[in-house]
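Structural overview for review
Below are the chains, spelled out letter by letter.
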Amino acid sequence: MADDDGFPPGDGPTSGISVTLTTGTLQAIRERVGKRGVSAYLEKAAQRQIERDNLDELIAEFDKVHGPADPEAVAAKRTRLTGGTAGAGAAA
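These notes cover the structure that comes with them. In this text, all values refer to a predicted model and were calculated from it rather than measured experimentally.

Interaxial distance between helix α1 (residues 23-33) and helix α2 (residues 38-66) falls to 9 Å at its minimum, and their mutual angle equals 110°. What the angle tells us is that α1 and α2 run roughly perpendicular. Together, Leu-26, Ile-29, Arg-30, Arg-32 and Val-33 of α1 and Val-38, Tyr-41 and Leu-42 of α2 make up the contact between the two elements. Split into classes, the residues belonging to the contact of α1 with α2 amount to 6 nonpolar, no polar and 2 charged.

Here it is as structure tokens:
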């Protein structure tokens, strides 16, 4: 697989693989994107997961160096960003 080296997520040639999903997950994807949109949907989902994994690693490294964020400071900044809307972004 040396031809696959050096490409960031979302870049490079496409490659076919076999993926196993539960029936319910596959049905939900097909309901959203149709039968022919499954690969593109899974590609975008994988890219988002890689972004989240990278962000988790970045946060963990930051916490290791600087300590965890102060929950009160985070809440205050969330209030400023959301214009004081209660609960906005709390599920993030």
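Bringing a nonpolar patch on the surface into the picture now. Nonpolar side chains collect at one region of the surface, where Ile-17, Val-19 and Leu-21 lie side by side and expose about 290 Å² of accessible area between them. Looking at the secondary structure, you find Leu-21 in the segment before α1.

Now for α2. Under the 1.5 Å per step criterion, the end-to-end length of α2 is 41 Å for 29 residues, consistent within 8% with the ideal 42 Å. One or two residues past the end of α2 sits Gly-67, with phi positive at roughly 85°.

Take the pattern of salt bridges next. Pairing is possible between side chains of opposite charge, provided their charged atoms come close. As enumerated under the stated definition, the model contains 1 salt bridge in all. Ionic pairing is found between Glu-61 and Lys-64, a salt bridge with its closest N-O pair at 3.7 Å. With Glu-61 and Lys-64 both in helix α2 and 3 residues apart, this pair spans about one turn of that helix. Residue classification places Glu-61 among the partly exposed residues on the basis of a relative accessible area of 40%.

Here is what the cut-offs are and how they apply
- Residues numbered from 1 in each chain as written.
- Predicted model: local features only at pLDDT ≥ 70, side-chain atom pairs only at ≥ 80, totals over all residues.
- Heavy atoms only, no water.
- Axes fitted to C-alpha atoms, helices over the stretch in contact; angles between N-to-C directions.
- Helix = DSSP H or I, 4+ residues; strand = E, 2+ residues; numbered from the N terminus.
- Parallel < 35°, antiparallel > 145°, perpendicular 65-115°, else oblique.
- Contact = heavy atoms within 4.5 Å.
- Nonpolar A, V, L, I, M, F, W, Y, C, P; charged D, E, K, R; others polar.
- Patch = residues over 30% accessible without salt bridge, like charges linked within 9 Å, V, L, I, M, F, W, Y side chains within 5 Å.
- Areas by Shrake-Rupley, 256 points an atom, 1.4 Å probe, with all protein chains shown as cover.
- Salt bridge = Lys/Arg side-chain N within 4 Å of Asp/Glu carboxyl O.
- Expected span 1.5 Å × (residues − 1).
- Buried < 20%, exposed > 50% of the residue type's maximum accessible area, 1.4 Å probe, protein only.

So, to be careful, I would describe these as geometric facts and stop short of saying anything about function.
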